[in-house]
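The primary structure of each chain is shown beneath.
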Amino acid sequence: MTEGRRVVAGEAILSGAATVERSREDVLEGLVREHSRLVYRIAYAVLRRHHDAEDATQETFLRVLRYSSKLDAVEDPKTWLARIAWRVAVDRSKKHGRQREIPLEDPEKPMVEVASSEATADETVRGTQLGAALKRLIAALPAKLRDPLILSMIEEMSPREVAATLGINEAAVRSRVFRARQILKEKLAGRVGRK
C-alpha cells in the first residue's frame, strides 16, 4: 500500500513540474509576442543594420530562455527585456568593432521615393528631406545623449525604464534627453534657416 502512495505522489510531483515548466513556456511565449518589436527596435537603434538587429533579438530571447528560472523575480518584464536587448546590442557592436559615425551630408546617396499624400509634392519632399536630416542628426549625436533620446522619444519608454535599461539615474535621463533635443533643435533651425 505504501508503494502505491509513493507512485501516486511521484506522479503528482512530475505533473506539477510539467505544469510549472509549461507555465514558464507560456510566460516566455507571451514575452516574445508582446515585446519582440521593442527588443528588435532597441537592437536596431544600436546596430543600425537589419540582420544584426535580428541576430541580437534572437540572442536576447535566448538569454531570457537561459535565465528563465529568474522570471518569477522580474517585476517589470518590459524594462528587464529592454536592458538585456540593450546590453546584447552594445556587446555585439563592440565585438564587431563598428564605430558608427554617419556624416551629416552624403551627396552620393540617392533620394528616397516619396509616397503619395494629401500634401503638395514640394511639402512632401521637404518633409522627407527634413526627416532624413533629423535621422542623420540623431545618429551624429554623442552616444551619451543619443541613447536616452532614442529610448525615450522613439521607443516611448518612460524615464524610469530608460534609466533601468542604461544603468543611469532618472535625472540623468531627463537631462540628457533635454540636451539632445536642444542640440537637434539648434541644428534643425540652422538647416531650415539656410534653405
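Predicted model, so just to flag it, every value in this text is computed and none were measured.

A. The arrangement of the packing of aromatic side chains in detail. According to the stated counting rule, one finds one aromatic pair in the structure shown. Taken together, a centroid distance of 6.1 Å and an interplanar angle of 25° make the contact between Y40 and Y44 stacked. Taken as a pair, Y40 and Y44 lie in helix α1 (residues 2-47) at a separation of four residues, close to a single helical turn. We classify Y40 as partly exposed; its relative accessible area is 24%. The partly exposed category is assigned to Y44, whose relative accessible area is 30%.

B. Structural context of the side chain of R176. Inspection of the secondary structure puts R176 in helix α7 (residues 170-194). Buried within the structure, R176 lacks any salt-bridge partner; its nearest side chain of opposite charge belongs to D147, at an N-O separation of 7.5 Å. Not counting residues within four places of it along the chain, the set of residues in contact with R176 comprises K144, L145, P148 and I168.

C. The arrangement of helix α2 (residues 50-66) in detail. With 17 residues, α2 extends 24 Å between its outermost C-alpha atoms, agreeing within 8% with the 24 Å of an ideal straight helix rising 1.5 Å per residue. The set of residues buried in α2 consists of D52, A53, A56, T57, T60, F61 and V64.

D. Focus on the side chain of T60. The residue T60 is located in helix α2 in this model. A distance of 2.8 Å separates a polar atom in the side chain of T60 from the backbone oxygen of A56. Every residue in contact with T60, bar those within four places of it in the chain, is listed here: V39, L81, I84, A85 and V88.

E. The arrangement of helix α5 (residues 143-154) in detail. Taken residue by residue, α5 has L145, R146, D147, P148, L149, I150, L151 and S152 as its buried positions. Just downstream of α5, E156 is the residue with a positive phi angle, here 55°.

F. Representation of the packing of helix α3 (residues 77-95) against helix α6 (residues 159-166) in the model. Across the interface, α3 lies against α6 with an axial gap of 8 Å and an inter-helix angle of 40°. Our classification of the angle between α3 and α6 gives oblique. Crossing geometry of α3 relative to α6 is assigned as right-handed. Only R160, E161, A164, T165 and L166 of α6 make contact with α3, whose side of the interface consists of K78, T79, A82, R83 and W86. Tallied by class, the residues present in the contact of α3 with α6 amount to four nonpolar, two polar and four charged.

G. Quick look at the nonpolar core. Ranked by size, the top nonpolar core spans 36 residues in total, and within it I42, V64, L81, L149, L151, M157 and L184 carry the most contacts. Looking at this core, the elements that each hand over two or more residues are α1, α2, α3, α4 (121-140), α5, α6 and α7. Among the elements that make up this core, the one with the highest residue count is α1 (nine residues). Excluding residues that lie within four positions of it along the chain, V64 makes contacts with L28, L31, W80, L81 and I84.

Calculation notes
- Counting starts from 1 at the beginning of each chain's written sequence and moves along it residue by residue.
- Two thresholds apply to this predicted model, a pLDDT of at least 70 for residue-level local features and 80 or more for giving and counting side-chain atom pairs, whereas whole-chain, interface and lining totals are computed over all residues.
- Excluded from the side-chain calculation are hydrogens and water; included are all heavy atoms of the structure.
- Under the pairing criterion, centres of Phe, Tyr and Trp rings, with the six-membered ring standing for Trp, must be within 6.5 Å; the plane angle then separates stacked pairs below 30 degrees from edge-to-face pairs above 60, leaving the rest tilted.
- Numbering of helices and strands runs from the N terminus, with a helix taken as a DSSP run of H or I at least four residues long and a strand as a DSSP run of E at least two residues long.
- Any residue under 20% of the maximum accessible area for its type is buried, any over 50% is exposed, and the rest in between are partly exposed; the area is computed with a 1.4 Å probe on protein chains only.
- Counting rule applied: Lys, Arg positive; Asp, Glu negative; His and chain ends not counted.
- The salt bridge definition used is simple: a Lys or Arg side-chain nitrogen within 4 Å of an Asp or Glu carboxyl oxygen.
- It only takes one pair of heavy atoms within 4.5 Å for two residues to be counted as in contact.
- The span one expects for a helix is its residue count, reduced by one, times 1.5 Å.
- Contacts described as polar in this section are N or O atom pairs within 3.5 Å, which, within protein, must combine one atom able to donate a hydrogen with one able to accept it, while residues neighboring in sequence count only if both atoms come from side chains.
- Lines fitted to the C-alpha atoms define the axes, with helices restricted to the stretch that makes contact. Angles between their N-to-C directions range from 0 to 180 degrees.
- Here the word oblique covers every angle except those under 35 degrees (roughly parallel), over 145 (roughly antiparallel) and from 65 to 115 (roughly perpendicular).
- Should the near helix be turned anticlockwise from the far one by less than a right angle, the crossing is termed left-handed; should it be turned clockwise, right-handed.
- Ten residues, namely Ala, Val, Leu, Ile, Met, Phe, Trp, Tyr, Cys and Pro, are considered nonpolar, four, namely Asp, Glu, Lys and Arg, are considered charged, and the remaining ones, Gly among them, are considered polar.
- Only buried Ala, Val, Leu, Ile, Met, Phe, Trp, Tyr and Cys residues count toward a nonpolar core, and they belong to the same one when joined by side-chain atoms within 4.5 Å.

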